[in-house]
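# Structural overview for review
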Amino acid sequence: MTSGFGLHLNELDRLANQELPLLAEMMAEPIPALAAFHDFGPTHNCPEAGAVTRAHSAHLDLISSRQRQVCDAIDETAGTLREIIALYRRADGQG
């Protein structure tokens, strides 16, 4: 452990390899369910119902897209953290 920087590499390693991937998985879990609620079925020639269906679908697309962006950012953060940990361990002669 690099004590000069006050880093707790084992805790950071756990974060990068367990906690962040679990968080990304939890954030990705509802994405398929969001896609399942896109269509309410026929609107029976009711323009208002059609408008609500389109707005609802667009909103779900936006939520799904943002969820995926969050998952990607979490994955990238975990990867970068792993690289930083490896760098500190090499600098400290641990790896």
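Residues numbered from 1 in each chain as written. Predicted model: local features only at pLDDT ≥ 70, side-chain atom pairs only at ≥ 80, totals over all residues. Heavy atoms only, no water.

### Looking at helix α3 (residues 47-91)
Under the 1.5 Å per step criterion, the end-to-end length of α3 is 66 Å for 45 residues, consistent within 8% with the ideal 66 Å. When we look at burial in α3, the residues that qualify are Gly-50, Thr-53, Ser-57, Leu-60, Ser-64, Gln-67, Cys-71, Ile-74, Ala-78, Leu-81, Ile-85 and Arg-89. Elements that come into contact with the buried residues of α3 comprise α1 (9-28) and α2 (31-36). Gly-93 sits one or two positions beyond α3 and adopts a positive phi of about 75°. (Helix = DSSP H or I, 4+ residues; strand = E, 2+ residues; numbered from the N terminus. Expected span 1.5 Å × (residues − 1). Buried < 20%, exposed > 50% of the residue type's maximum accessible area, 1.4 Å probe, protein only. Contact = heavy atoms within 4.5 Å.)

### Some remarks on the pattern of salt bridges
When the charged atoms of two side chains lie near each other, side chains of opposite charge can form a pair. Applying the stated criterion across every chain, the model contains 4 salt bridges. Here Glu-19 makes a salt bridge to Arg-14, at a shortest N to O gap of 2.6 Å. For Glu-19, a relative accessible area of 34% puts it in the partly exposed group. Under the relative-accessibility criterion, Arg-14 is labelled partly exposed at 30%. Bridged by salt links that share partners, the residues Glu-11, Arg-14 and Glu-19 form one connected network. (Salt bridge = Lys/Arg side-chain N within 4 Å of Asp/Glu carboxyl O.)

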